[in-house]
Amino acid sequence: MLPSGNPDSTSSWDGEGRVAPEVSGYGKSELGDLLVGRGLITRGQLDEALALQSDSRERLGGILCKLGYIGESDLLNTLATQFNLRMFEPAKDAIEPAAIDFIPLEFARRYNVLPIRLADEFLTVALSDPLDVEARDQLQKITMRKGLSVEYLLAPPDVLERTRETNYNRVEGSRNVNQLIDKVMGEIEVMLPSDDEPDEDEVQRRAQDAGVIKLVDQMIGMSLEDRATDIHIEPQEHNLVIRFRMDGLLYDALTPPRAVYTGVISRIKILANMDIAERRACQDGRFTYKKNQREVDIRVSAIPTLHGEKLVLRLLDKTTFNFSLRDLGFSETNYKVFTNAIHNPYGMILLSGPTGSGKSTTLYASLLELRNETRNITTIEDPVEYQIDRINQVQVNIRKKITFSNTLRSFLRQDPDIIMVGEIRDADTADIAVRAALTGHMVFSTIHANDAPATATRLVSMGIESFMAASALTLVAAQRLVRRNCRHCLEEYQPPDEVLLAVSSPGQLNVNDKPIRFMRGGGCALCKGRGYTGRVAIVEMMPITTGIRQLIAENRPAGEIRHLALKEGMKTLRQSGFEKVETGLTTLEEVMRVCLGDE
């Protein structure tokens, strides 16, 4: 419970939230008067709390919370008014590493404070109890030695603790990485010239170095903390660049010296069971990373470049998948169309889109929607990205002849109700999948195509008879992912004229029809100044109606199918994106970036 209302306090704050010299204390009923004045409690409730306080000597605010007359948020806001303190806002008050370095974690935990920034001869600190005299005295002692004053903000205890632990862990992780890099640099000699190669014994020694092992571990841990999906390790002529892919885009994360290159690359290749002596051929491998009860499957790809091997690590979280179709961001219309389609007893649903467009997530969410004890659901995937209870998942293994087509044939002898094929890559797989859909099974899969109408004709171009494709298909959809505006720093803005001009043609977003409030993330501590956190799907969804089925059966071109689908109400990818723009979920520029070449 948040304490408050200590009548013995003799310190106060000035009008800017900074520590002021000791002055006479405020009156016992000042907090109560503020609460009564705000209509949060009645005078009778205040008198009751004051009577209890005279016996227990507890703080007034704590008593009122115990009695259930006010909540902690009401108490905290009133305290902010009483002491003229600003509330801590995690989205706007960026936690600076210099402040974290100034206050040890043990001190911050003991006195329940959070250092925020260190600038202009002031240390800004958030605290949850403005009457904690011991905490204030200790802060004054360590700041006065450096000639600093303290500026206070007020924060709810849970927000303060969560923000403190997250930021100390992040800064500590970054510090550890830099320290490890320095340690590794001190233990190894300068990297050999690029036209020479270290011998195998030297490579093994560097890969087994304790500093290198910790450095790789910290690097992967940092990427997971930042919600990265991929790690790119790119050797340059004089240094090494490590980039993380977050929300679909790459960002520089680390730029260690070139000297750590051999150790880092070799360590990862050993983990992934790859040949460390082979540096002139492409290789693939995988390993599992476990930390803090979190298990992540990591796929590794190595290719030789001009300055050495480049590695890309794809991070696949193996913890339980918990997305629902509602979480994907479908419009209400598309949600109804899609859920109706997947609940058909048989047929085929095909999704298309580039790598990283969320197709697998949509398919998994569909399987979760359909999963129950009456259905046998089986999947063949490359790789299995999420492990789901009560779904039989098979991993492609070319060496053991576990391919999409071979496994799909076996599935049909396993009494399946629902089959998911990770990707239709060849005519054989396409033929078996279509026949499964025509013989009473519901089949989900993905295929390479640019839009929904092209997805419908792609099966025919792979050699499937047009009448069979038309009969099997239930729904086709093209999907993309756009970055979601950070809700903590959302602000109104006006897109550039050239962007508005590009989307104001017929069939696009017509900004002259009605006023649109364009929103974007302004950049804050939570989104690291990028303005975006997470992604949301935009979908071009085409149910196979009688008219469209007829066109597919007649092997008509995709353009003709598209014309009819639009006439029947299909929303294009751009139109789906513009709906997200109008609701403030994303920006116009983000939709144009993702859908520039789609129409």
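Below you will find a few notes about this structure. Owing to the predicted nature of the structure, the values given are computational and were not obtained by experimental measurement.

1. Remarks on the overall build of the chain
Logical step 1: When helices and strands are counted, the chain shows 22 helices and 19 strands.
Logical step 2: On the chain, roughly 28,300 Å² of surface is accessible, and the fraction owed to carbon and sulfur atoms is 47%.

2. As for the sheet that holds strand β19 (residues 532-543)
Logical step 1: Here seven strands make up an open sheet; going across it, the order is β13-β12-β14-β15-β11-β16-β19 and the pairing mixed. Both edges of this open sheet fall to β13 (392-395) and β19, since each of them pairs with a single strand only. If you compare each strand with its neighbour and ignore which way they point, the axes differ by 20° on average.
Logical step 2: Of the strands in this sheet, β11 (347-352), β15 (442-446), β16 (473-485) and β19 touch helix α12 (residues 332-342), which is tilted by about 60° from β19.
Logical step 3: Each of β11, β14 (418-421) and β15 is contacted by helix α15 (residues 427-438), which is oriented at about 135° to β11, the strand it contacts most.

3. Describing the packing of aromatic side chains
Logical step 1: Inspection of every chain in the model, using the stated rule, returns three aromatic pairs.
Logical step 2: Arranged with centres 5.6 Å apart and planes meeting at 70°, the rings of F330 and F338 form a pair that is edge-to-face. You'll find F330 and F338 in the same group, each marked buried.
Logical step 3: The ring of Y532 carries R483 above its face, with NZ or CZ at 4.1 Å from the centroid.

4. A few points about unusual backbone geometry
Logical step 1: Here the bond from D382 into P383 is cis, since omega is 0°, no more than 30 degrees from zero.
Logical step 2: Checked against the element boundaries, P383 lands in the loop between β12 (377-381) and β13.
Logical step 3: A positive phi angle, near 60°, is found at N273, a position not held by glycine.
Logical step 4: Along the chain, N273 falls in the loop between α11 (261-271) and β8 (283-291).
Logical step 5: Classification of N273 as exposed rests on a relative accessible area of 71%.
Logical step 6: A positive phi is found at D415, a non-glycine position, where the angle reads about 50°.
Logical step 7: Tracing the backbone shows D415 in the loop between α14 (404-411) and β14.
Logical step 8: Overall, the relative accessible area of 62% leaves D415 in the exposed class.

5. A short note on helix α13 (residues 359-370)
Three- or four-residue spacings in an α-helix give side chains the same orientation, since the helix completes a turn every 3.6 residues.
Logical step 1: Taking 1.5 Å of rise per residue, the 12 residues of α13 would be expected to cover 16 Å, and the 17 Å separating its terminal C-alpha atoms lies within 8% of that figure.
Logical step 2: With nine of 12 residues buried, α13 is to be regarded as a mostly interior element.
Logical step 3: Within α13, burial applies to K359, T362, L363, Y364, A365, S366, L367, L368 and L370.

6. Observations regarding the side chain of K310
Logical step 1: With respect to the helices and strands, the residue K310 is situated in strand β10 (residues 308-317).
Logical step 2: Here the side chain of K310 touches E234 through a polar contact of 3.3 Å, side chain to side chain.

7. Examining the nonpolar core
Logical step 1: With 43 residues, the main nonpolar core has F88, I103, V113, A126 and L139 as its most contacted residues.
Logical step 2: Sorting elements by how many residues they give to this core places helix α4 (residues 72-83) first, with five residues.
Logical step 3: Counting residues in hydrophobic clusters, the runner-up holds 38 residues, among them A436, V460, V476 and M570.

8. What about the packing of helix α10 (residues 210-225) against α11?
Logical step 1: The contact between α10 and α11 brings their axes to 9 Å, and the two run at 75°. By the angle class used here, α10 and α11 are roughly perpendicular. Counted together, V212, I213, L215, V216 and M219 of α10 and G263, V264, R267, I268 and L271 of α11 form the full contact between these two elements.
Logical step 2: Considering only residue class, the contact of α10 with α11 consists of eight nonpolar, one polar and one charged.

9. Describing the pattern of salt bridges
Logical step 1: Inspection of the entire model under this criterion finds 23 salt bridges.
Logical step 2: Between R483 and E590 there is a salt bridge; the shortest N-O distance is 3.1 Å. You can see R483 sitting in strand β16 and its partner E590 sitting in helix α22 (residues 588-595), a full 107 residues away along the chain. Across the pair, E590 and R483 agree in class, each one buried.
Logical step 3: Sharing partners across several salt bridges, the network here consists of E234, R243 and K310.

Definitions and cut-offs
- Residues numbered from 1 in each chain as written.
- Predicted model: local features only at pLDDT ≥ 70, side-chain atom pairs only at ≥ 80, totals over all residues.
- Heavy atoms only, no water.
- Helix = DSSP H or I, 4+ residues; strand = E, 2+ residues; numbered from the N terminus.
- Areas by Shrake-Rupley, 256 points an atom, 1.4 Å probe, with all protein chains shown as cover.
- Pairing = 2+ DSSP bridges.
- Axes fitted to C-alpha atoms, helices over the stretch in contact; angles between N-to-C directions.
- Contact = heavy atoms within 4.5 Å.
- Phe/Tyr/Trp six-rings, centres within 6.5 Å; stacked < 30°, edge-to-face > 60°.
- Buried < 20%, exposed > 50% of the residue type's maximum accessible area, 1.4 Å probe, protein only.
- Lys NZ or Arg CZ within 6 Å of the ring centre and 35° of its normal.
- Expected span 1.5 Å × (residues − 1).
- Polar contact = N/O pair within 3.5 Å; in protein donor to acceptor, adjacent residues only side chain to side chain.
- Core = buried A, V, L, I, M, F, W, Y, C linked by side-chain atoms within 4.5 Å.
- Parallel < 35°, antiparallel > 145°, perpendicular 65-115°, else oblique.
- Nonpolar A, V, L, I, M, F, W, Y, C, P; charged D, E, K, R; others polar.
- Salt bridge = Lys/Arg side-chain N within 4 Å of Asp/Glu carboxyl O.

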